[in-house]
Amino acid sequence: MPGWSLPPAPAAASLRPYDLRCEHRRTPLGVGAPAPRLSWRLASDRRGDAPAAYRIRVHGPGGVLAWDSGWVDGQDVSAGYGGAPLVSFARYRWEVSVRPGGSAESWFDTGVMHADEWRAAWIGHDPETEPPFEPPADDREPRTARTAFLPPPRYFRRELDLRPATSVRIACTARGLYELHVNGARAGDGELTPGWTDYRYRVPYQVYDVTDLVGEGPVCVGAVLADGWWSGSLGWDGRQQAQRYGRRPELLVQLVADHADGSRTVAGTDATWRETTGPLRYADLLMGEWYDARLDLDGWDRPGFDDSSWAPARVLSSDHGVLVPSLAEPVRVTQDVVPVDVRRAGDRTIVDLGQNIAGRVRLTIRGARAGDRVTLRHGEALDDDGGLYTANLRSAEATDHYVAAGRPEETFEPRFTVHGFRYVEITGHSGDLDVAGRVLHSDTPVAGEFSCSDATVGQLMSNVRWSQRGNFVSVPTDCPQRDERLGWTADAQVFLPTACYNADVAAFFTGWLADLRCAQTAEGAVPDVVPHVMTERHGTPGWGDAATIVPWHLYRVYGDERVLRDSLPSMRRWVDHVERHNPGLIWRNRVGSHYGDWLQADVRTSRDLLATAFFALSADLTAKAAAVLGDHSAFERYAGLRARIGEAFAREFVSPDGRITGDTQTGYLLALAHGLVPDPLVPAAVGHLVADLEGRGRRLTTGFAGVGLLGPVLSAHGHEDLAYALLHDDRYPSWGYSIKRGATTIWERWNGWTEETGFGPVAMNSFNHYALGSVGAWLYSGVAGLGQEEDSAGFRRPLVRPLPGGTLTWAVASYDTPLGRLSSRWEVDGGTLRLEVRIPPGAVATVHVPATDPSSVRESGAPVDEVVGATGSALVCRVPSGRYEFTAAWER
C-alpha cells in the first residue's frame, strides 16, 4: 500500500482541466448540498495559458441533462450547481470544458435530499431481554478494572427479497461505530465510521454503492456496531464522560434500489432486524479490542444464515433531525508499515515499526492452539531496560487480545480501536508470526511536498507530516495515544497553515467548524475542545480565536467564500463576547481558562499581552471577512475595533524604546506578526527580539502560540539567518534535539525526553503532537518560497520568494493550489543560484529571484521580462503561468 505522497503533475501540451471535485471531494457518494460546488484544476505546459471561459454540463438519472451553464466568461475554476433540483440517491455525471482548451468528466452521487425521505429507524440492543452484562468465566482473565464491564459489540442482520435492480445504494450511520456488510462482503473502505462529531447536533451518514454486491436472489444486509465515541471511553474520564451522548450504540440503515421499470424500493432498519453478540468480546477506542476467534459467526452476513437464535432488534426512535451528509473523506487505512526490528525472548516479542503512527496492527500467527490468547500492547517508546514504555498513556490501556481458533494460520486485525505507537509487545505466542503496522487517518488528499539537502530538516518535515496524519483522525486531535485525543482548538488553528500545505483539508475543517459553531455558547464563547466534551471551559485566548482564524485561513487558501458566509455570525459573536467582558480593550477579564503560550521553554509570556494580541487578530479577521462578503457596516465596526485595540495594546505593552512587556520571544512575535507595534518602533522591537535570541545562544523559547511565527517574522525583517540557525539547532530546546534522539513525529513538549531527566512528565507527554510542528508552513512559504500576495485568495496571485540559507544547498516544494500545481526548486552551486518555478494556468505570480547582484539574473539565458523592482538580495519580476528557469550570481 503506497505512502502519503503527492502524485506527479499532469503533462498537458495545451490547457485542460483535471482533478475534478464536488464539494472538495473526488467522486463523492452521498452529496447533500442542493447546489454543490463543482471545481477543477488546470494544467498546461504553455506559458501564459489562462482560461477565458468555462462550461459545465450535468446529466442526471437516465442521462437527462440537468444543467448546462452555457459558456461563462472568466477564469473561475469552480461554480455552484445551478440546474434542476437534485434527486436523492442518484448519480450525476458532469463535464467541464474550458476555452481555449479541453474538457474532463467526473461524477457525484446524491444522498438524502429531503428529510421526509428517511424511512429507517434507529435500532439497537434491547437490554431488557437479558440481565446486565457479565463477562463469561473464560472471558474474564484479560479484563482489567477499566475493561471489566465493556460490553460486546452487537451483530445485526436482515434478509430482503429484492427484485432485480439497476442500482442499489445504502445510507448508513450509527451513534457509535459501525461496519457495513452486504452478501458476505464488507461495503466501502472507511474506518471508524461515521466518525466523531457533536452527536447532539450532527450525526453524519455515509452512502455506499453496493450494486456490484447484489445479484439475483435475496440480499443480506449486516452490520457490526460498537461503542466508539458515542458510548465508549473518551478522554480522561472514561466511559462515564463518553456516555454524555448515550449509554448504548444505535444503528440506522436505509437501502434504496432502483429498478429498470423506473420504480424504487426503499427498506430500512426496523423491528424485523435481528441481533446478537459474536467473537468481538469488547472494542474500545482507548482500551483496545478483544476478539475470540472460537466464536466466529461464519456466514452471518450472507443470505440463508440461520439467525433463529438471534434476538429481535429494538426500535429506539425515528428521529432524523440530526442526520447530515458526510462532508469529508472518511478515516482509511492508507499505508502498511513493515517492522524494522523484531526481538523475541520466549513467548514475548518486541516489534519496532521504525515509525510512530496512529493505527493498529495486522497480526498473522501460525501454529496456535484453540484457546491460546495472544496479547498486543502498544507504546511510543522503550524504557531503559528495553521494555515497552506506557506510563504516558495514562489510563488508556491500548491493549488488544486475540484468542486463537486453532487453524493452521490465523490473522487478527482490530476494527473499532486505534492506537498511537511505534512499538508493539506481543505475548502468548512463541510460534511463527508476521506483523504489519496499519496507518489510519482521515484520508485528506495530499496537496504538497517539501524536501531539501539537509537530512535533519527533511526528517523534520517527515515528522510534521506523520504527526498530521496521526492526529487527523476524524477530528484534529492533540494526541493519538493517551486518554485524551481531543480537538483542542488552539492546536488546530496554529497548525492549520502547515496542514493546508501538506493536504487538502477544506472538507475536513468544514465539518469541524460546523461542530465549533454548534458548541459556541449563547453569548458567543467558544469551547477549548471541539467536539465539545470533557471540559466546560470556554473563551480561552488563542483557543476560542479558532472561530475566526480557521475560517479566514480556509478562505485564503481555497478561495471558497462559503466558509466565511457560514462562519461570519460566529466570528462576530466571538469578538463581541471578548469585547463585552473587556471594554477597556486589554483582554484581562476572562470567563474561561488561560493557558498562555502553552509549553513555552523556561519563560513566561504575559498572558494579558497574548490575549490582547489574539483579540486584535480576531477583530481584524472578522473585518476582512465582512469586507469579502460585502457587509460594509460590519467591516467598519470591526476594523474600527481593531484600530482601537491596536492603540490600547501599544499603550499597555510597548515601551518608547520598542521593548515589549515581558521581553519574551513570543511577545515580540505576536506583536510584530499582527501589526501591533507602531511603525516607528518596529526596528527597535525587532532588535530586542534578535537580542533575546542571540543572548540565549540562538535558542528558541516559544510554545504553541509563538513557534509558528519564528520563521515568518524573522524572515520578514531580514533575519533569515537566525531562522535558519533555529532550524538547524539540535540542542535543547529545538526540533533537532528530538530528531537527534530518534523522533519520527513531533513531540508535544520540548522536554519530552532529556539527558538530564529522561522521560518528561507522564501526566502530559505525547510523542506525537503537531502543534510544535507549525514550522512546516515556513518550510514551504519561506525556505521554498511558495506563498501568495496578502490580498490574494485561492492562490490567484502567487508569491514565489525563496530564501536560500543555512547549510542548505537546495530545496524543492510543490503545492496543488485550487488553480493547479505551483512549485519551486532552488539550488546553489559555487557562485550560481538556479531557480526553477512552475506557475499554474490562470495565475500571475510575483517572483523574487535571490541574487547577490540583481542585474545578474537571467531567465533561460536571456534578460528577465516584466521586472517590477529589486531588493538588496533579489530581483522581483512578474510572470504568467508556465515554467521558468532563472540563474543568478549568489554568495552566502
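Residues numbered from 1 in each chain as written. Predicted model: local features only at pLDDT ≥ 70, side-chain atom pairs only at ≥ 80, totals over all residues. Heavy atoms only, no water.

Trainee: Pulling in residues and values, what's your account of the overall build of the chain?
Mentor: Summing up its helical and strand segments, the chain has 16 helices and 48 strands in all. Taken against the 2.2 N^0.38 rule, which gives 29 Å for 892 residues, the C-alpha radius of gyration of the chain at 28 Å falls within 12% of a compact globule. For the chain, buried positions account for 61% of its 892 residues. Look at the contacts in the chain between residues 6 or more apart in sequence, and 74% of them connect residues 24 or more apart. Accessible surface, the chain: about 31600 Å² in total, of which carbon and sulfur atoms supply 49%. Within the chain, the 113 negative side-chain charges are centred at a point lying 1 Å from the centre of the 91 positive side-chain charges. (Helix = DSSP H or I, 4+ residues; strand = E, 2+ residues; numbered from the N terminus. Rg over C-alpha atoms; globule rule 2.2 N^0.38 Å. Buried < 20%, exposed > 50% of the residue type's maximum accessible area, 1.4 Å probe, protein only. Contact = heavy atoms within 4.5 Å. Areas by Shrake-Rupley, 256 points an atom, 1.4 Å probe, with all protein chains shown as cover. Lys, Arg positive; Asp, Glu negative; His and termini not counted. Charge placed at Lys NZ, Arg CZ, Asp CG, Glu CD.)

Trainee: Could you give an account of the pattern of salt bridges, naming the residues involved and the relevant values?
Mentor: Pairing of side chains with opposite charge becomes possible as their charged atoms draw close. This model, assessed by the stated rule, comprises 73 salt bridges. Note that Arg264 is salt-bridged to Asp258, the shortest N-O span being 2.6 Å. Ionic pairing is found between Arg366 and Glu409, a salt bridge with its closest N-O pair at 2.9 Å. With Arg366 in strand E26 (residues 348-366) and Glu409 in strand E31 (residues 409-412), the pair connects residues that are 43 residues apart, well separated along the chain. When its relative accessible area of 46% is taken as the criterion, Glu409 is described as partly exposed. (Salt bridge = Lys/Arg side-chain N within 4 Å of Asp/Glu carboxyl O.)

Trainee: Tell me about the sheet that holds strand E47 (residues 874-879), and name the residues and values.
Mentor: Note: strands within a sheet are paired through backbone hydrogen bonds, in either parallel or antiparallel orientation. Taken together, the 5 strands give an open sheet; going across it, the order is E39-E40-E44-E47-E46, and neighbouring strands pair in mixed fashion. Every interior strand has two partners, whereas the edge strands, strand E39 (786-788) and strand E46 (867-871), have only one. Taking the axes of each pair of neighbouring strands and ignoring which way they run, one obtains an average angle of 25 degrees across the sheet. Bridge count between E46 and E47: 4 bridges; the pairing is antiparallel. (Pairing = 2+ DSSP bridges. Axes fitted to C-alpha atoms, helices over the stretch in contact; angles between N-to-C directions.)

Trainee: Mind laying out the pairing of strand E33 (residues 433-442), listing which residues take part and the relevant values?
Mentor: In terms of burial, E33 is a largely internal element, 9 of the 10 residues being buried. Taken together, the 6 bridges between strand E24 (residues 331-337) and E33 define a ladder with antiparallel strand orientation. Within E33, the position partnered with Val333 by the bridge is Leu440. Across 7 bridges, E26 lies against E33 in antiparallel orientation. By the bridge assignment, Ile365 is partnered in E33 with Leu433.

Trainee: Break down helix H3 (residues 455-471) for me, citing the residues and quoting the values.
Mentor: For H3, spanning 17 residues, the distance from its first C-alpha to its last is 24 Å, which sits close to the expected 24 Å at 1.5 Å a residue. Counting buried positions over the 17 residues of H3 gives 12, a clear majority of the element. Among all positions in H3, only Val457, Leu460, Met461, Asn463, Val464, Arg465, Trp466, Ser467, Gln468, Arg469, Gly470 and Asn471 are buried. At the N-terminal end of H3, a side-chain oxygen is found 2.9 Å from the backbone nitrogen of Thr456, two or three residues along, and the residue is Asp454. (Expected span 1.5 Å × (residues − 1). Polar contact = N/O pair within 3.5 Å; in protein donor to acceptor, adjacent residues only side chain to side chain.)

Trainee: Please set out the side chain of Ser167 residue by residue, giving values where relevant.
Mentor: Within the secondary structure, Ser167 sits in strand E11 (residues 167-175). In this structure the side chain of Ser167 is engaged in a polar contact, spanning 3.1 Å, whose partner is the side chain of Arg169. If near-sequence neighbours (up to four positions away) are discounted, Ser167 is found in contact with Thr211, Val256, Ala257 and Asp258.

Trainee: Explain unusual backbone geometry to me, and be specific about the residues and the numbers.
Mentor: Cis geometry is found at the peptide bond from Arg99 to Pro100, where omega equals -5 degrees. Along the chain, Pro100 turns up in the loop between strand E7 (91-99) and strand E8 (103-109). Although it is not a glycine, Leu585 adopts a positive phi angle of roughly 75 degrees. Residue placement: Leu585 occurs in the loop between helix H7 (562-581) and helix H8 (607-628).

Trainee: Explain the packing of aromatic side chains residue by residue, including any values.
Mentor: A complete count under the given rule lists 38 aromatic pairs for this structure. With centroids separated by 5.5 Å and ring planes inclined at 10 degrees, the aromatic side chains of Tyr92 and Phe108 adopt a geometry described as stacked. One end of the pair, Tyr92, is in strand E7; the other, Phe108, is in strand E8, with 16 residues separating them in the sequence. Pair check on accessibility: Tyr92 and Phe108 agree, each one buried. For the pair Tyr155 and Trp300, a centre-to-centre distance of 5.2 Å together with 90 degrees between the ring planes defines the contact as edge-to-face. Of this pair, Tyr155 sits in strand E10 (residues 154-160) while Trp300 sits in the loop between strand E20 (288-292) and strand E21 (311-312), and the two are 145 residues apart along the sequence. (Phe/Tyr/Trp six-rings, centres within 6.5 Å; stacked < 30°, edge-to-face > 60°.)

Trainee: With reference to specific residues and values, describe the sheet that holds strand E42 (residues 821-829).
Mentor: What the 6 strands build is an open sheet, ordered E34-E41-E42-E43-E48-E45; its pairing is antiparallel. The open sheet is flanked by strand E34 (448-452) and strand E45 (858-859), the only strands paired with a single partner. Strand direction decides the pairing type here: E34 and strand E41 (residues 810-816), joined by 5 bridges, are antiparallel. Bridge pairing links Ser451 to Val812 in E41. Of the strands in this sheet, E34, E41 and E42 are in contact with helix H16 (residues 776-783), which crosses E34 at around 75 degrees.

Trainee: Account for helix H10 (residues 665-673), with residues named and values stated.
Mentor: Across the 9 residues that make up H10, a large majority, 8, are buried. Gln665, Thr666, Gly667, Tyr668, Leu669, Leu670, Ala671 and Leu672 are the residues of H10 that are buried. Each element contacted by the buried residues of H10 is listed here: H8, helix H9 (632-653), helix H11 (682-695), helix H12 (704-707) and helix H13 (710-716). Two residues or fewer after H10 comes Gly675, characterised by a positive phi angle close to 65 degrees.

Trainee: Go over the environment of Pro414 with me, naming the residues and quoting the values.
Mentor: With respect to the helices and strands, Pro414 occurs in the loop between E31 and strand E32 (419-427). Here Pro414 falls in the buried class, since its relative accessible area comes to 1%. Once the C-alpha coordinates of Pro414 and Asp400 are considered, the two residues, 14 residues apart in sequence, prove to be 7.6 Å apart. Apart from the residues lying within four places of it in its own chain, the contact partners of Pro414 are Glu289, Arg360, Val361 and Asp400.

Trainee: Explain the packing of H10 against H11 residue by residue, including any values.
Mentor: When two helices pack together, their arrangement is captured by the angle between the axes and the distance separating the axes. One can describe the packing of H10 onto H11 by two numbers: an axis separation of 9 Å at closest approach and a directional angle of 150 degrees. Viewed along their axes, H10 and H11 adopt a mutual orientation that is roughly antiparallel. Crossing angle aside, the handedness with which H10 passes H11 is left-handed. Here Gln665, Tyr668, Leu669 and Leu672 of H10 lie close against H11, whose contacting residues are Val682, Ala685, Val686, His688, Leu689, Asp692 and Leu693. Here the residues of the contact of H10 with H11 sort into 8 nonpolar, 2 polar and 1 charged. (Parallel < 35°, antiparallel > 145°, perpendicular 65-115°, else oblique. Left-handed = near helix turned anticlockwise from the far one by under 90°. Nonpolar A, V, L, I, M, F, W, Y, C, P; charged D, E, K, R; others polar.)

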